[in-house]
Amino acid sequence: MSFTFSGESAFFPRVTSGVVLVGATLLLLRNRLPEPLYTIVNKDERLIGNEDTDEDELAASELEEDIGSGRTDSHIVLALMFVSFIIVARFIGLLFASPLFVLAYALWTEQPKHVLIIMVVIGALIPYLFMIYINLPVMDGILTEALF
Amino acid sequence: MFSTDVLVDAAASATILQLGGFFEAVSVVLSWPVIGYLVFGLLLGIFLGAMPGVGPAVGMVVMLPLTFPLDAHVALILLTAIYLGGLYGGSIPAIVLNVPGTAPAAATTFDGYPMTELGRAKEALSLSAMSSAIGGVISATIVILMIPFLISFVLLFRTPDIFLMAILGLLMITIVAKGSLVKGLTAGSLGMFFTTVGVSPIGYETRYTFGFVDLTGGLDYIAALLGLFAVAEMIRLKSMGDETIADTAINVEGRISTAFNNLIKHPVVLGKSALIGCFIGAIPGAGSTVSNFVAYAEALRSSNHPDKFGTGVPEGVIASETSNSATVGGSLVPTLAFGIPGSGAAAILLGALILHGMVPGPEMFSRELDVTYSLFVSILLGNFVILAVGLMAIPYVGILSRMDVDRFIPLVLVLGVMGAYALNFNWVDIYYLTLLGVIGYTMKKYNYSVIAFVLGAILGPIAEEHLWRSLQISDGSWMIFVSSPLTATLTALTFIVFFQPLIGYTVSRFR
């Protein structure tokens, strides 16, 4: 749809996306590659450490261990909370969403009441200072734009 | 005879100009409020470095958008100070908790923590502060003395050479810093591809905007940095659970004077580690994560009592801390000269450089020489501040290392989002930051080089522009990339590095 630009402008994106495609395909199919491609794709070049270690297998086994111990939850929850914060902020603006996000996080991590209050105040101050000093439109959200 | 006199006069004028630039830099760094930013940056860096798992890169990236109103040299001094302070700060939890605050302090745990167990924590922390300061001073001095020679070398680089250096740097980072060449190249090319969204530097046509006006401005590399170093880091930090907090009270015992005596007993370890740090820092892609291990291994190799390493010998702490601090000066050389950072922190510094309208390369050693000098002078002076702060802060290090990172994570995220929004007042940057936060965490988890991605994202437009200009100069002939000895050498090096896995495989078959 947007591929209306000239050959000169298209050259660099073609090369970079081509490398990404080839690299991703090689990595995806690496266990089915013939020699010597298999060795080249799987070999980790490094100054320190075991060259033959398959890092992905290590990461996958760590992930399985994490799931077994229930340790994965916290960072997934954080990632989900962060994405929710961005979505909510798009609707009500960053000025109101930021302290709400900090409050939700502080409640989740069971912070003492005085720490929680300080965190929320700082969470509200950050967007406020951005608004005051560089006129960042932090109040703008889909809903707040309609209201104010 | 006449021409010799002219040459001597020219050399003398150049030296005077460089000396003038150096003294001007000293006066700038010592002026108010620059010195204030330097001290603030160092303190912030030490604080963040001392929090296990956080590190200076987070502080640098969050501060990056806040440096908009500052002058370029002030912004760069502030960020360099955070970098420098963070490297020293990383040694604090390494010594008192056996958890390196930053990767470059990993080797410090080998002898630093055993010293704490032996009741010599104060001695180990003092050694760390003194070694870091001396390592940083030696490295900065070496680089400052080398600048006149660097200038002549860097000024040889023309348009095709700059393009080749960008590609060579990307390849070097993928093999030196982390893991597989294919993974690194894929990550770097993805970073470069993302920069092609928006208006093309050639012909000013729009690319991949899909009709969205907000995408016309492209995807900002600072938002990428914020996503990868603030959001992804916070997610990674959270995945570490309670590993980042000390669960017992920390006793800081020992004597500072013993540390000083130990330091002057090992001048060779000190000097050698500083040289190793400076040299490895200057290798594109290597950085302090590598140098602290190499210096530690060298100290162990050349020691009269290698069997005692790992039981709390001062040389172990001296080697690791001197080298990681010395890396900062060295790593700025490829960053400023060729736009190739040695570490994540150096990549952020490179981003700041471009953000403030400077172009890494020959310009940094000609038109912007005063900025280059002021950076190295700030490292030189900053190390004295580290020594003073480091020694004064020893009684309080227990508090630093027991900070609950959960109190900082949401605030860093909010700051990151605000920073991204402040770039162009555009929600696209916030979406990009969020996307890269998730991609960045996954990349780290599966050992893809984040630095290669960042380098791709920063150098993409520079590489594209120089490639296009080179082909314009040569009327589309690719022979321009072998047209001079320097260009041909760089092309050959690029091919050697690219085919290195294949060459390695063939050699190993013949063995």
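Residues numbered from 1 in each chain as written. Chains lettered and ligands numbered in written order. Predicted model: local features only at pLDDT ≥ 70, side-chain atom pairs only at ≥ 80, totals over all residues. Heavy atoms only, no water.

(A) Region of the structure containing the overall build of chain B. When helices and strands are counted, chain B shows 22 helices and two strands. Considering chain B as a whole, with its 511 residues, one finds that 63% of them fall into the buried category. Split by element, the accessible area of chain B, about 18600 Å² in all, is 69% carbon and sulfur. (Helix = DSSP H or I, 4+ residues; strand = E, 2+ residues; numbered from the N terminus. Buried < 20%, exposed > 50% of the residue type's maximum accessible area, 1.4 Å probe, protein only. Areas by Shrake-Rupley, 256 points an atom, 1.4 Å probe, with all protein chains shown as cover.)

(B) Expanded view of the overall build of chain A. Looking only at helices and strands, chain A has seven helices and zero strands in total. What you see in chain A, going N to C, is helices and strands ordered as α-α-α-α-α-α-α. Looking at chain A alone, contacts between residues at least 24 apart form 48% of all its contacts between residues at least 6 apart. (Contact = heavy atoms within 4.5 Å.)

(C) Structural context of the interface of chain B and chain A. At the interface, 67 residues of chain B touch 70 residues of chain A. For the pair chain B and chain A, the two sides together bury roughly 6000 Å², of which 73% comes from carbon and sulfur. At the boundary of chain B with chain A, the tally comes to zero salt bridges. If you look at where chain B meets chain A, you find 10 residue pairs in polar contact (both at pLDDT 80 or more). Examining the composition of the side of chain B that touches chain A, we find that 11 residues originate from one element, helix α18 (residues 409-424) of chain B, more than from any other. A breakdown of the residues in the side of chain B that touches chain A according to their chemical character gives 41 nonpolar, 15 polar and 11 charged. (Buried area = accessible area lost by both parts, 1.4 Å probe. Salt bridge = Lys/Arg side-chain N within 4 Å of Asp/Glu carboxyl O. Polar contact = N/O pair within 3.5 Å; in protein donor to acceptor, adjacent residues only side chain to side chain. Nonpolar A, V, L, I, M, F, W, Y, C, P; charged D, E, K, R; others polar.)

(D) Inspection of the pattern of salt bridges at higher detail. All names here are of chain B. This model, assessed by the stated rule, comprises 10 salt bridges over all chains. Of the charged contacts, one joins Glu-464 and Arg-207 as a salt bridge, the two residues approaching to 2.7 Å between their closest N and O atoms. Residue Glu-464 is found in helix α20 (residues 450-473), and its partner Arg-207 is found in strand β2 (residues 206-207); the two are separated by 257 residues along the sequence. Residue classification places Arg-207 among the buried positions, given a relative accessible area of 0%. We note a salt bridge from Lys-238 to Asp-406, for which the minimum N-O separation is 2.8 Å. Residue Lys-238 is located in helix α10 (residues 221-239), and its partner Asp-406 is located in the loop between α17 (397-401) and α18; the two are separated by 168 residues in the primary sequence. Classification of Asp-406 by relative accessible area gives buried; the value is 13%. Each of Glu-233, Arg-236 and Lys-444 takes part in a single network of salt bridges with overlapping partners.

(E) The confidence of the model for chain B, seen in detail. When the pLDDT values of chain B are averaged, the result is 84; 91% of them are 70 or greater. When mean pLDDT is compared element by element in chain B, helix α19 (residues 427-445) of chain B scores highest at 92, while α17(B) scores lowest at 68. (pLDDT = per-residue confidence, 0-100.)

(F) Examining the packing of helix α4 (residues 73-92) of chain A against helix α5 (residues 94-108) of chain A more closely. Residue and element names in this part refer to chain A. At a closest axis distance of 8 Å, the pairing of α4 and α5 adopts a crossing angle of 160°. On the basis of their axis angle, the class for α4 and α5 is roughly antiparallel. Regarding α4 and α5, the two cross each other, and that crossing is right-handed. Facing α4, whose interface residues are Ser-74, Val-77, Leu-78, Met-81, Phe-82, Phe-85, Val-88, Ala-89 and Ile-92, α5 presents Leu-94, Phe-96, Ala-97, Ser-98, Leu-100, Phe-101, Ala-104, Tyr-105 and Trp-108. Residues that form the contact of α4 with α5 fall into these classes: 16 nonpolar, two polar and no charged. (Axes fitted to C-alpha atoms, helices over the stretch in contact; angles between N-to-C directions. Parallel < 35°, antiparallel > 145°, perpendicular 65-115°, else oblique. Left-handed = near helix turned anticlockwise from the far one by under 90°.)

(G) The layout of surface pockets, seen in detail. If you add up the space inside the second largest pocket, you get close to 930 Å³. If you trace the second largest pocket, you find 32 residues lining it, with Val19(A), Ile167(B), Leu171(B), Leu185(B) and Phe498(B) closest to the centre. For the lining of the second largest pocket, the secondary-structure elements that each account for two or more residues are α1 (7-28) and α2 (37-42) of chain A together with α8 (159-176), α9 (181-194), α21 (485-498) and α22 (500-510) of chain B. In terms of residue count, the dominant contributor to the lining of the second largest pocket is α1(A) (eight residues). Residue classes in the lining of the second largest pocket are distributed as 26 nonpolar, six polar and no charged. (1 Å grid on protein atoms, 1.4 Å probe; cavity = no way out; pocket = protein on both sides within 12 Å on 5 of 7 lines; lining within 4 Å. Points joined across faces, edges and corners; volume = space filled by probe spheres on them.)

(H) Region of the structure containing the nonpolar core. One finds Phe82(A), Phe85(A), Leu94(A), Leu225(B), Phe229(B) and Phe365(B) to be the most contacted residues of the largest nonpolar core, which totals 193 residues. Ranked by residue count, the leading element in this core is α10(B), at 14 residues. Ignoring any residue separated from it by four or fewer positions in sequence, one finds Phe229(B) in contact with Ala57(B), Val58(B), Val61(B), Gly344(B), Ile348(B), Val450(B) and Val454(B). In terms of nonpolar packing, the next biggest core, distinct from the first, is built from five residues, Leu26(A), Leu27(A), Leu33(A) and Val41(A) among them. (Core = buried A, V, L, I, M, F, W, Y, C linked by side-chain atoms within 4.5 Å.)

(I) Structural view of the environment of Ser325(B). Assignment of secondary structure puts Ser325(B) in helix α14 (residues 314-338). Discounting chain neighbours no more than four positions away, the residues touching Ser325(B) are Leu84(B), Ser132(B), Gly136(B) and Asn383(B).

(J) Summary view of the side chain of Glu123(B). As for its position among the elements, Glu123(B) is in helix α7 (residues 121-154). A polar side-chain atom of Glu123(B) sits 2.7 Å from a polar atom in the side chain of Asn262(B).

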